[in-house]
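# Topology and contacts: notes
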Amino acid sequence: MTVQSPPGPVTRESDWASLIVFGAVMMFLVGAFSVVEGLTALFDDQYYVTSPHGALLFDLTGWGWIHFIMGIIAVLTGLGLLAKAWWARYPAVALAALSAVAHLAFLPAAPFWAIIVLTLDVLVIWALIAHGDDALSRRS
(Lines give C-alpha, C1' and ligand atoms only; values in the text may rest on other atoms or scores of the structure.)
Protein backbone atom coordinates (compact mmCIF):
# COMPACT_ATOMS: atom_id res chain seq x y z
CA MET A 1 0.00 0.00 0.00
CA THR A 2 1.43 3.35 -0.99
CA VAL A 3 0.74 6.61 0.76
CA GLN A 4 -0.12 9.49 -1.52
CA SER A 5 0.23 13.12 -0.64
CA PRO A 6 -2.87 15.29 -0.77
CA PRO A 7 -3.55 17.09 -4.04
CA GLY A 8 -2.49 20.71 -4.40
CA PRO A 9 0.38 22.61 -2.86
CA VAL A 10 1.41 21.59 0.62
CA THR A 11 2.69 24.36 2.85
CA ARG A 12 4.79 23.42 5.81
CA GLU A 13 5.96 25.87 8.41
CA SER A 14 9.68 25.86 8.94
CA ASP A 15 11.25 24.18 11.90
CA TRP A 16 11.95 27.64 13.28
CA ALA A 17 8.22 28.17 13.63
CA SER A 18 8.26 25.67 16.47
CA LEU A 19 10.56 28.10 18.27
CA ILE A 20 7.79 30.68 18.07
CA VAL A 21 5.44 28.22 19.73
CA PHE A 22 8.16 27.61 22.32
CA GLY A 23 8.46 31.38 22.86
CA ALA A 24 4.70 31.72 23.16
CA VAL A 25 4.44 28.92 25.71
CA MET A 26 7.39 30.34 27.67
CA MET A 27 5.79 33.79 27.57
CA PHE A 28 2.58 32.28 28.96
CA LEU A 29 4.50 30.42 31.68
CA VAL A 30 6.63 33.42 32.64
CA GLY A 31 3.42 35.43 32.92
CA ALA A 32 1.81 32.76 35.07
CA PHE A 33 4.91 32.56 37.25
CA SER A 34 4.91 36.34 37.63
CA VAL A 35 1.26 36.30 38.68
CA VAL A 36 2.04 33.73 41.37
CA GLU A 37 5.15 35.65 42.42
CA GLY A 38 3.16 38.88 42.63
CA LEU A 39 0.35 37.31 44.63
CA THR A 40 2.89 35.77 47.00
CA ALA A 41 4.49 39.16 47.61
CA LEU A 42 1.08 40.77 48.11
CA PHE A 43 -0.38 38.22 50.52
CA ASP A 44 2.69 37.12 52.49
CA ASP A 45 5.08 39.92 53.42
CA GLN A 46 7.42 37.49 55.17
CA TYR A 47 7.90 35.08 52.25
CA TYR A 48 10.69 37.00 50.50
CA VAL A 49 13.72 37.97 52.53
CA THR A 50 15.24 41.35 51.75
CA SER A 51 17.61 43.78 53.36
CA PRO A 52 16.28 46.24 55.95
CA HIS A 53 15.92 48.78 53.15
CA GLY A 54 13.66 46.46 51.13
CA ALA A 55 13.96 45.53 47.49
CA LEU A 56 15.30 47.92 44.89
CA LEU A 57 13.09 51.02 44.44
CA PHE A 58 9.90 49.59 45.97
CA ASP A 59 8.83 47.58 48.96
CA LEU A 60 7.60 44.04 48.40
CA THR A 61 3.99 45.16 48.03
CA GLY A 62 4.98 47.43 45.15
CA TRP A 63 6.93 44.62 43.51
CA GLY A 64 3.98 42.33 44.08
CA TRP A 65 1.71 44.63 42.09
CA ILE A 66 4.30 45.06 39.34
CA HIS A 67 4.77 41.31 38.92
CA PHE A 68 1.04 40.63 39.13
CA ILE A 69 0.05 43.18 36.47
CA MET A 70 2.94 42.33 34.14
CA GLY A 71 2.13 38.64 34.58
CA ILE A 72 -1.48 39.04 33.53
CA ILE A 73 -0.47 41.05 30.47
CA ALA A 74 2.22 38.46 29.63
CA VAL A 75 -0.27 35.60 29.87
CA LEU A 76 -2.64 37.38 27.49
CA THR A 77 0.20 38.19 25.10
CA GLY A 78 1.40 34.58 25.22
CA LEU A 79 -2.10 33.45 24.29
CA GLY A 80 -2.05 35.94 21.42
CA LEU A 81 1.26 34.49 20.22
CA LEU A 82 -0.18 30.98 20.35
CA ALA A 83 -3.08 32.19 18.21
CA LYS A 84 -0.50 33.70 15.79
CA ALA A 85 -1.90 37.19 16.28
CA TRP A 86 0.23 39.67 14.33
CA TRP A 87 -0.01 42.29 17.07
CA ALA A 88 1.41 40.06 19.83
CA ARG A 89 5.04 39.78 18.72
CA TYR A 90 6.31 43.25 19.60
CA PRO A 91 4.45 43.62 22.91
CA ALA A 92 5.76 40.17 23.86
CA VAL A 93 9.35 41.26 23.23
CA ALA A 94 8.77 44.48 25.21
CA LEU A 95 7.12 42.59 28.08
CA ALA A 96 9.91 40.02 28.19
CA ALA A 97 12.46 42.85 28.34
CA LEU A 98 10.51 44.59 31.12
CA SER A 99 10.17 41.30 32.95
CA ALA A 100 13.92 40.76 32.73
CA VAL A 101 14.60 44.22 34.17
CA ALA A 102 12.00 43.74 36.91
CA HIS A 103 13.46 40.38 37.89
CA LEU A 104 16.96 41.81 37.83
CA ALA A 105 15.80 44.41 40.34
CA PHE A 106 13.97 41.70 42.33
CA LEU A 107 17.16 39.61 42.46
CA PRO A 108 17.94 40.38 46.15
CA ALA A 109 14.53 39.04 47.23
CA ALA A 110 14.50 35.79 45.21
CA PRO A 111 17.86 35.20 43.49
CA PHE A 112 17.34 31.65 42.21
CA TRP A 113 13.87 32.35 40.88
CA ALA A 114 14.92 35.66 39.29
CA ILE A 115 17.75 33.95 37.40
CA ILE A 116 15.37 31.30 36.05
CA VAL A 117 12.87 33.89 34.84
CA LEU A 118 15.65 36.07 33.39
CA THR A 119 16.85 33.09 31.36
CA LEU A 120 13.34 32.35 30.10
CA ASP A 121 12.86 36.03 29.19
CA VAL A 122 16.04 36.00 27.11
CA LEU A 123 14.89 32.83 25.31
CA VAL A 124 11.51 34.41 24.56
CA ILE A 125 13.16 37.55 23.16
CA TRP A 126 15.55 35.49 21.03
CA ALA A 127 12.81 33.25 19.63
CA LEU A 128 10.51 36.14 18.75
CA ILE A 129 13.14 38.45 17.27
CA ALA A 130 15.28 35.93 15.41
CA HIS A 131 12.49 33.74 14.05
CA GLY A 132 9.22 35.63 14.51
CA ASP A 133 8.54 36.09 10.82
CA ASP A 134 8.67 32.35 10.15
CA ALA A 135 5.45 31.58 11.98
CA LEU A 136 3.60 34.83 12.40
CA SER A 137 3.76 35.71 8.71
CA ARG A 138 1.93 32.46 7.90
CA ARG A 139 -1.21 33.33 9.83
CA SER A 140 -4.47 32.23 8.29
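What counts, and where the lines are drawn
Going along each chain's sequence as written, the residues are numbered from 1 onward. This being a predicted model, a pLDDT of at least 70 is required before a residue's local features are given, and a value of 80 or more before pairs of side-chain atoms are given or counted; all residues contribute to the totals for chains, interfaces and linings. Calculated side-chain values reflect all of the structure's heavy atoms, with hydrogen atoms and water omitted. Strands are runs of DSSP state E lasting at least 2 residues, helices are runs of H or I lasting at least 4, and numbering of each runs from the N terminus. Note on classification: 1.4 Å probe, protein chains only; a residue is buried when its accessible area is under 20% of the maximum for its type, exposed when over 50%, partly exposed between these limits. When charges are tallied, Lys and Arg are placed among the positive residues and Asp and Glu among the negative ones, while His and the ends of the chain are skipped. For salt bridges, the criterion is a side-chain nitrogen of Lys or Arg within 4 Å of an Asp or Glu carboxyl oxygen. Definition of a polar contact: a pair of N or O atoms within 3.5 Å, with one able to donate and the other able to accept a hydrogen when the atoms are protein atoms, and with sequence-neighbouring residues admitted only if both atoms are side-chain atoms. Residues count as neighbours in contact if any of their non-hydrogen atoms are within 4.5 Å of one another. Centre distance within 6.5 Å is the pairing criterion for rings of Phe, Tyr and Trp, where only the six-membered ring of Trp is used; planes under 30 degrees apart are then read as stacked, over 60 as edge-to-face, and the remainder as tilted. Definition used in this section: a nonpolar core is a set of buried Ala, Val, Leu, Ile, Met, Phe, Trp, Tyr and Cys residues joined via side-chain atoms within 4.5 Å.

Moving on: unusual backbone geometry. Backbone geometry at Lys84 places phi at a positive 60°, although glycine is not the residue there. In this fold, Lys84 is placed in the loop between helix H2 (60-82) and helix H3 (89-105).

Looking now at the side chain of Asp121. If you trace the backbone, Asp121 turns up in helix H4 (residues 111-136). Of the side chains with opposite charge, Arg89 comes closest to the buried, unpaired Asp121, at an N-O distance of 15 Å. A distance of 2.8 Å separates polar atoms of two side chains, one belonging to Asp121 and the other to Ser99. Within the local environment of Asp121, its side chain forms a polar contact with the backbone nitrogen of Ala100, the two atoms lying 3.1 Å apart. Those residues within four positions of Asp121 in sequence are excluded, and the remaining contacts are Val30, Ala96, Ser99, Ala100 and His103.

Tallied over the full model, the rule gives two aromatic pairs. With 5.1 Å between their ring centres and 65° between their planes, Phe33 and Trp113 make a pair best called edge-to-face. Pair noted here: Phe33 is in helix H1 (residues 17-43) and Trp113 is in helix H4, with a separation of 80 residues, a long-range link.

A word on the side chain of His67. Here His67 lies in helix H2. Excluding its chain neighbours within four sequence positions, the residues that come into contact with His67 are Ser34, Val35, Glu37, Gly38, Ala102, His103 and Phe106.

So, on to the nonpolar core. Of all hydrophobic cores here, the largest spans 17 residues; its most connected members are Met27, Leu81, Ala92, Val124 and Leu128. Elements supplying a minimum of two residues to this core: H1, H2, H3 and H4. Ranked by residue count, the leading element in this core is H1, at five residues. Within the second largest apolar cluster, eight residues are counted, among which are Trp63, Met70, Ala105 and Ala110.

Residue placement: Leu76 occurs in helix H2. You can call Leu76 exposed: its relative accessible area is 52%. Residues Leu76 and Gly31 lie 45 residues apart in sequence; the distance between their C-alpha atoms is 8.4 Å.

Looking now at the environment of Lys84. Relative accessible area serves as the criterion here: at 25%, Lys84 is assigned to the partly exposed category. Linking Lys84 and Ala24, residues 60 residues apart in sequence, is a C-alpha distance of 9.2 Å.

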